[in-house]
Amino acid sequence: MNARTFYRLAIANTASAVYLAIVGGSVLVATATTFLVPDPGMIWVWPALLTAPVSLFLVGAVGPVVPDGELLFWPVYLGLIAVSALVQSTALGALWHGLRRGARRLTASA
C-alpha cells in the first residue's frame, strides 16, 4: 500500500473523515474539560471507547510500561488514541471503498 492509497483509505473519504472528526472532537472536549473543571471524572474514557477495540488493546499492552502517575503517561495515551483512530479509520475507509465498488458493479450490471 503506497502513501496515496493509505491517505485515501484513512482520511480522504466521507466515512473516515466523519469518524476522525468525532474522535478529534471528543479529544478536544476531554482536554478542555480536564483544564477547566476541577474534577473531570472519567471524561477520557470517551476517546478510548470511540477508538475501541484497537485502543483498548494498545492501552492495555502499553499501560504497565508507563504507569498512570508519570508525566509521560498523557502523551503516550494520546499517541495511542491517535494510532487507534488511524487504524480504525483505515478499516472504515476500506469498508467504504468496498461497499461503493460493489454498488458500482451492481448498478453497472443491471
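Report follows, based on the coordinates. As a convention, each chain's residues are numbered from 1 in the sequence order in which they are written. Thresholds applied to this predicted model are a pLDDT of at least 70 for local features of residues and 80 or more for the giving and counting of side-chain atom pairs; totals over whole chains, interfaces and linings are not thresholded and use all residues. Derived side-chain values reflect all non-hydrogen atoms in the structure, with water molecules and hydrogen atoms excluded from consideration.

1. Focus on the overall build of the chain
Numbered from the N terminus, helices here are DSSP runs of H or I no shorter than four residues, and strands are runs of E no shorter than two. Helix and strand content of the chain: 5 helices and 0 strands. For the chain, the sequential pattern of α-helices and β-strands runs α-α-α-α-α. Buried, partly exposed and exposed residues are distinguished by accessible area as a fraction of the type maximum, computed with a 1.4 Å probe on protein chains only: under 20%, between the cut-offs, and over 50%, respectively. For the chain, the residues scored as buried account for 25% of the 110 residues in total. Two residues form a contact once any of their heavy atoms are found within 4.5 Å. Put simply, 65% of the contacts in the chain that link residues at least 6 apart link residues at least 24 apart. As presented, the chain carries roughly 7,300 Å² of accessible surface, and 74% of it is formed by carbon and sulfur atoms. The Shrake-Rupley method, run with a 1.4 Å probe, gives the accessible areas here. Residue values count only the displayed protein chains as cover.

2. A few points about the nonpolar core
Nonpolar side chains in soluble globular proteins generally cluster together in the buried interior. Counting 12 residues, the largest nonpolar core consists of Tyr19, Val23, Val27, Ala30, Ile43, Trp44, Ala48, Val66, Phe73, Tyr77, Ile81 and Ala85. Mapped onto this core, the elements with two or more residues apiece are helix 2 (14-36) and helix 5 (73-109). When sequence neighbours within four positions are dropped, the list of residues in contact with valine 66 reads Leu72, Phe73 and Val76. We define a nonpolar core as any set of buried Ala, Val, Leu, Ile, Met, Phe, Trp, Tyr and Cys residues linked to one another through side-chain atoms lying within 4.5 Å.

3. Focus: empty space enclosed by the protein
A pocket here means an open set of points on a 1 Å grid, computed over the protein atoms alone, that has protein on both sides within 12 Å along at least five of seven lines. A cavity is instead a set of points where a 1.4 Å probe fits but cannot get out; residues with an atom within 4 Å of a point line either one. Grid points are joined across faces, edges and corners, and a volume is the space filled by probe spheres set on the points. Counted under the stated rule, the structure contains 1 cavity of 30 Å³ or more. The calculated volume of the largest cavity comes to roughly 40 Å³. Forming the boundary of the largest cavity are Val59, Val62, Gly63, Val66, Phe73, Val76, Tyr77 and Leu80. Top element by residues in the lining of the largest cavity is helix 5. It accounts for 4 residues. Three residue categories are used. Nonpolar comprises Ala, Val, Leu, Ile, Met, Phe, Trp, Tyr, Cys and Pro, charged comprises Asp, Glu, Lys and Arg, and polar comprises the others, including Gly. Of the residues in the lining of the largest cavity, the class split is 7 nonpolar, 1 polar and no charged.

4. Some details on the layout of surface pockets
Over the atoms a probe the size of a water molecule is rolled, and this reveals where empty space is left. Each pocket or cavity is described by its volume, and for the largest pocket that value is around 170 Å³. Around the largest pocket, the lining is made up of 10 residues, and of these Arg8, Leu9, Asn13, Gly93 and His97 lie nearest the centre. Taken together, the elements giving at least two residues each to the lining of the largest pocket come down to helix 1 (3-10) and helix 5. Taken together, the residues of the lining of the largest pocket sort by class into 3 nonpolar, 4 polar and 3 charged.

5. Focus on the environment of alanine 94
Residue placement: alanine 94 occurs in helix 5. Counting along the chain gives 78 residues from alanine 94 to serine 16, while the straight-line C-alpha distance between them is 9.3 Å.

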